[in-house]
Amino acid sequence: MKKILKTIIINLLVLIALLMIVDFSSMIIVDTATASRVVRNKLIPQTPKKQDVRSVLINYKHTSWAKTHFEEFNSLPTDYKSYFGWRRKKYKGETINIDSLGIRKTTGITQINAPLVVFLGGSTIWGTGANDQNTIPSLFKKKTGNSYNVLNYGESGYSAYQSLIFLQTQISKGLLDSISLIISYDGVNNSFFNRKYFSHTREVQINNLLHNQNSDEKYLFFKYTRTLIKKIKSKYNSPPPVLNPTTNFTDIDYKNCAIELLNTWVMMQNLSKSVGSDFICVLQPNIFVGSPNLNNLPNSKDLHNRKKSYEFYKYINELISTKDEYKQLKKSFIDMTTTLDNIPNVYIDFCHLSPNGNELITDNLLNYLEIK
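Cut-offs and rules
Residues numbered from 1 in each chain as written. Predicted model: local features only at pLDDT ≥ 70, side-chain atom pairs only at ≥ 80, totals over all residues. Heavy atoms only, no water. Pairing = 2+ DSSP bridges. Helix = DSSP H or I, 4+ residues; strand = E, 2+ residues; numbered from the N terminus. Axes fitted to C-alpha atoms, helices over the stretch in contact; angles between N-to-C directions. Contact = heavy atoms within 4.5 Å. Buried < 20%, exposed > 50% of the residue type's maximum accessible area, 1.4 Å probe, protein only. Salt bridge = Lys/Arg side-chain N within 4 Å of Asp/Glu carboxyl O. Patch = residues over 30% accessible without salt bridge, like charges linked within 9 Å, V, L, I, M, F, W, Y side chains within 5 Å. Areas by Shrake-Rupley, 256 points an atom, 1.4 Å probe, with all protein chains shown as cover. Phe/Tyr/Trp six-rings, centres within 6.5 Å; stacked < 30°, edge-to-face > 60°. Lys NZ or Arg CZ within 6 Å of the ring centre and 35° of its normal. Parallel < 35°, antiparallel > 145°, perpendicular 65-115°, else oblique. Left-handed = near helix turned anticlockwise from the far one by under 90°. Nonpolar A, V, L, I, M, F, W, Y, C, P; charged D, E, K, R; others polar.

## Overview of the sheet that holds strand β9 (residues 333-335)
Right, so step 1: The five strands lie next to each other as β6-β5-β7-β8-β9, forming an open sheet whose pairing is parallel. Of all the strands in the sheet, the pair left with one neighbour each is β6 (149-152) and β9. Pairwise comparison of adjacent strand axes, ignoring direction, gives a mean angle of 20° for this sheet.
Right, so step 2: As defined by bridge partners, strand β5 (residues 116-121) adjoins strand β7 (residues 179-186) across six bridges and the pair is classed as parallel. Counted as the bridge partner of Leu 120 is Ser 184 from β7.
Right, so step 3: Helix α8 (residues 251-274) rests against β5, β7, β8 (278-283) and β9 of the sheet, and its axis sits at about 160° to β8.
Right, so step 4: Strands β5, β7, β8 and β9 of the sheet are contacted by helix α10 (residues 355-369), whose axis makes an angle of about 140° with β9.

## Thoughts on helix α4 (residues 136-143)
Right, so step 1: The element α4 is extensively covered by neighbouring structure, given that six of its eight residues are classed as buried.
Right, so step 2: Taken together, the buried residues of α4 touch β5, α3 (123-126), β6, β7 and α10.

## A short note on the pattern of salt bridges
Right, so step 1: Taken as a whole, this structure holds 10 salt bridges when the rule is applied.
Right, so step 2: Arg 88 is the partner of Glu 155 in a salt bridge, and the nearest nitrogen-oxygen pair spans 3.0 Å. Here Arg 88 lies in strand β2 (residues 85-88) and Glu 155 lies in the loop between β6 and α5 (160-172), a separation of 67 residues in the sequence.
Right, so step 3: We classify Glu 155 as buried; its relative accessible area is 1%.
Right, so step 4: Across the pair Asp 363 and Lys 143 runs a salt bridge, and its minimum N-O distance is 3.1 Å. Here Asp 363, found in helix α10, pairs with Lys 143, found in helix α4; they are 220 residues apart in sequence, far enough to count as distant.
Right, so step 5: One salt-bridge network, in which partners are shared between bridges, spans Asp 52, Arg 54 and Asp 349.

## Side note on a nonpolar patch on the surface
Right, so step 1: A surface patch of nonpolar side chains, about 290 Å² in accessible area, is lined by Ile 4, Ile 8 and Leu 12.
Right, so step 2: In this fold, Leu 12 is placed in helix α1 (residues 2-43).

## Observations regarding the packing of aromatic side chains
The relative placement of two aromatic rings is captured by the distance of their centres and the angle of their planes.
Right, so step 1: By the definition in use, this model includes 14 aromatic pairs.
Right, so step 2: Look at Phe 312 and Tyr 313: their rings are 5.1 Å apart centre to centre, the planes differ by 80°, and that puts the pair in the edge-to-face class. Side by side, Phe 312 and Tyr 313 carry an identical accessibility label, which is buried.
Right, so step 3: Among the aromatic residues, those joined into a cluster by ring pairs are Phe 288, Tyr 310, Phe 312, Tyr 313 and Phe 350.
Right, so step 4: A cation sits over an aromatic face here: Arg 88 above Trp 126, 4.4 Å from the ring centre.

## A word on the packing of α8 against helix α9 (residues 313-322)
Right, so step 1: Two elements in contact, α8 and α9, have axes separated by 9 Å at closest approach and are oriented at 60°. With respect to α9, the axis of α8 lies oblique. Regarding α8 and α9, the two cross each other, and that crossing is right-handed. On α9, the residues touching Asp 251, Tyr 254, Lys 255, Ala 258, Ile 259, Leu 261, Leu 262 and Trp 265 of α8 are Lys 314, Tyr 315, Ile 316, Leu 319 and Ile 320.
Right, so step 2: Residue composition of the contact of α8 with α9, grouped by class: 10 nonpolar, no polar and three charged.

Here's what the structure looks like:
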């Protein structure tokens, strides 16, 4: 009996030793691969990033900061944020400045006790294609003689619903007092392009990261062996799926897309009333609606793979006019889909504008509000 027990113990010790050798070998392989990759990245000259073609459009012919702006724009880091998805990290540049809350700088003088205007929206409100001085919020502040304090809550890729959640979060944190006016400038990011109904454009990306994470990381045993196996498996696995932007949608899908935006605007309007603020919702222009002048865009035909995504626009006015639940938006609604019709050199891609385009949008907004 003692001999059998001794044999079992010896075999167990041998097995443990072999497993430790395997894990130690895996550690060497993983660490060596990581170290060699770091060294290789340091030794191999990095391929210079291609210049953003938008920076050389005729829109920026007399603008000195365009190249710098797009270099800064394309290097901006982003953090995941609970509830509303993501915000850009703090950044200080020549044309772009972002604070620790992910809020882009609005230029002008901050006045004590001045009424507060909050802008909500995606990258067009955030200001892709414009330096800090020429975003729509900054131009609004400038054109009203700094008589308002203005916050730019825009963020690239945000749907209207994400903007609503971000606004609610800021209010819940006690960061906003005495809001005078909330302006929601939306439409482009509420299309079905690269997203599903009531989701955001990074849902697939975040899901892929979650699916690929090591759920066994809390167990320390054979960590390196599991890491090595995971790397081998990921090398031979098929690439993660992406949403197909050319998916054919039905009229029901487009109507649902419009309803999502309108329901969000209604919730924004109700929230505005609860904090004593006025509310304006703007249906933003893009190159697929109205009669835009695209002579300045060399590859404008390549952009039309998005065109069908914006057929939902046709339901916005219809539903506001015919559905009782949306009629409350009538006095707060501005349709800007034709504001830039036939005007040259304002678009820099399918929806973003150079400063002259932002100025036209701002003037149109001020005319509606009758603010001089």
